Amino acid sequence: MLRNKLQRFKLFKKISSLLAPMTPRIDFDLQSFSVLESHFAGDQDEYLTQFRIKYALDELIESELTDTARLLRVMHWVHHLWQHNGQNTPSQNDAMTIVAEAAQGQQFRCVEYAIVLATALAALGFPARILSLMTQDVEHKRSSAGHVVTEVYLHDLAKWVMADAQWNMIPILNQQAVNALELTQAIDQAEVHLSLLSTTPIKAKYYLKWIKPYLYYFTTRLEHRYDFNTNATQIRLMPIGAKVPKVFQRKHPISAATMTHVLADFYPDKDRIKII
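Report on the accompanying structure. (Residues numbered from 1 in each chain as written. Predicted model: local features only at pLDDT ≥ 70, side-chain atom pairs only at ≥ 80, totals over all residues. Heavy atoms only, no water.)

### Some words on helix 2 (residues 46-54)
Stage number 1. Of all the residues in helix 2, the buried ones are Tyr 47, Leu 48, Thr 49, Phe 51 and Arg 52.
Stage number 2. On its buried face, helix 2 sits against helix 3 (57-61), helix 4 (67-79), helix 5 (95-103) and helix 6 (110-123).
Stage number 3. Positive phi shows up at Ala 56, right after helix 2, with a value of about 50°. (Buried < 20%, exposed > 50% of the residue type's maximum accessible area, 1.4 Å probe, protein only. Helix = DSSP H or I, 4+ residues; strand = E, 2+ residues; numbered from the N terminus. Contact = heavy atoms within 4.5 Å.)

### Concerning unusual backbone geometry
Stage number 1. Of note, the phi angle at Ser 144 is positive, near 55°, even though the residue is not glycine.
Stage number 2. Considering the arrangement of structural elements, one finds Ser 144 in the loop between strand 2 (128-134) and strand 3 (146-154).
Stage number 3. Phi is positive for Ala 158, close to 55°, though the residue is something other than glycine.
Stage number 4. Here Ala 158 shows up in the loop between strand 3 and strand 4 (159-163).

### With respect to the environment of Tyr 207
Stage number 1. With respect to the secondary-structure elements, Tyr 207 resides in helix 8 (residues 204-211).
Stage number 2. Relative accessible area serves as the criterion here: at 0%, Tyr 207 is assigned to the buried category.
Stage number 3. With sequence-adjacent residues up to four places away left out, Tyr 207 is seen in contact with Met 162, Asp 164, Trp 167, Met 169, Leu 196 and Ile 202.

### Examining the nonpolar core
Stage number 1. Core analysis: the largest hydrophobic core is formed by 46 residues, its most contacted members being Phe 51, Leu 57, Val 74, Trp 77, Val 116 and Ile 170.
Stage number 2. Those elements that place two or more of their residues in this core are helix 2, helix 3, helix 4, helix 5, helix 6, strand 3, strand 4 and strand 5 (170-173).
Stage number 3. Considering every element that reaches this core, the biggest residue donor is helix 6, with 12 residues.
Stage number 4. Within the second largest apolar cluster, 30 residues are counted, among which are Tyr 207, Leu 237, Phe 266 and Tyr 267. (Core = buried A, V, L, I, M, F, W, Y, C linked by side-chain atoms within 4.5 Å.)

### Remarks on the packing of aromatic side chains
Stage number 1. Counting across every chain of the model gives 16 aromatic pairs.
Stage number 2. For the pair Trp 167 and Tyr 207, a centre-to-centre distance of 5.1 Å together with 70° between the ring planes defines the contact as edge-to-face. You can see Trp 167 sitting in the loop between strand 4 and strand 5 and its partner Tyr 207 sitting in helix 8, a full 40 residues away along the chain.
Stage number 3. Ring geometry for Trp 167 and Trp 210: centres 5.0 Å apart, planes at 45°, overall tilted. (Phe/Tyr/Trp six-rings, centres within 6.5 Å; stacked < 30°, edge-to-face > 60°.)

### Quick word on the environment of Thr 233
Stage number 1. By secondary structure assignment, the location of Thr 233 is in the loop between strand 9 (223-224) and strand 10 (234-237).
Stage number 2. Sequence spacing of Thr 233 and Glu 37 is 196 residues, and the spatial spacing of their C-alpha atoms is 12 Å.
Stage number 3. Thr 233 has contacts with Thr 220, Arg 221, Leu 222, Glu 223 and Thr 258, leaving out every residue within four places of it along the chain.

Structure below.
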């Protein structure tokens, strides 16, 4: 009798798995053109100059021959400034403060890794931005509905590339660094040539499984300044047909943003990257 119950249970599980809804396909508009521009502070910005000199960033990358190698070197430095702590926040949300407080033993979140890496790259002359990722069920989860990484425009590749300084990782597809949307597509298509570039041991299979749910809503700013007095317009890339999220983790209002499904809106080419 027990054997028959086990057989029926296994059959029920098999049928249930066949009837379970498939993960919805994530589609974006890959064809439309865009006139949106993104503005970035240049490396002559006073704050960026101070940051570059104080932390000897030119010396940090002087032996590297490619932009990917330079990114990897800077990310390695940021990753090792502190141990991750998902609950702690700095007294001020700028890179200079974060690094100074990390030197005093403070530990911070993914957000702070992204801020420091973006600032360091901007100080070295790269258009760099903080990229907020949110899960499809961001409104209903009590926790772990978001993650924050950095994206940077690498001049020698003429493309945007994602870097996760918390994990000390750059996604690589067919031996070239990729951005967050390209990572999303590669995971969705189960690309066999998808790997991770890192200076520390990391299990690619574990990270890719972990990051996948976060790759649904992408948010960044259109203005990237370091005067800290301006409220920059945000832009949010979302799949075609996706719901516009209003609340983060059930109770925190999600800030307003320009919504788009258009890839070109979110990933400006070099002609729409303006240095200010």
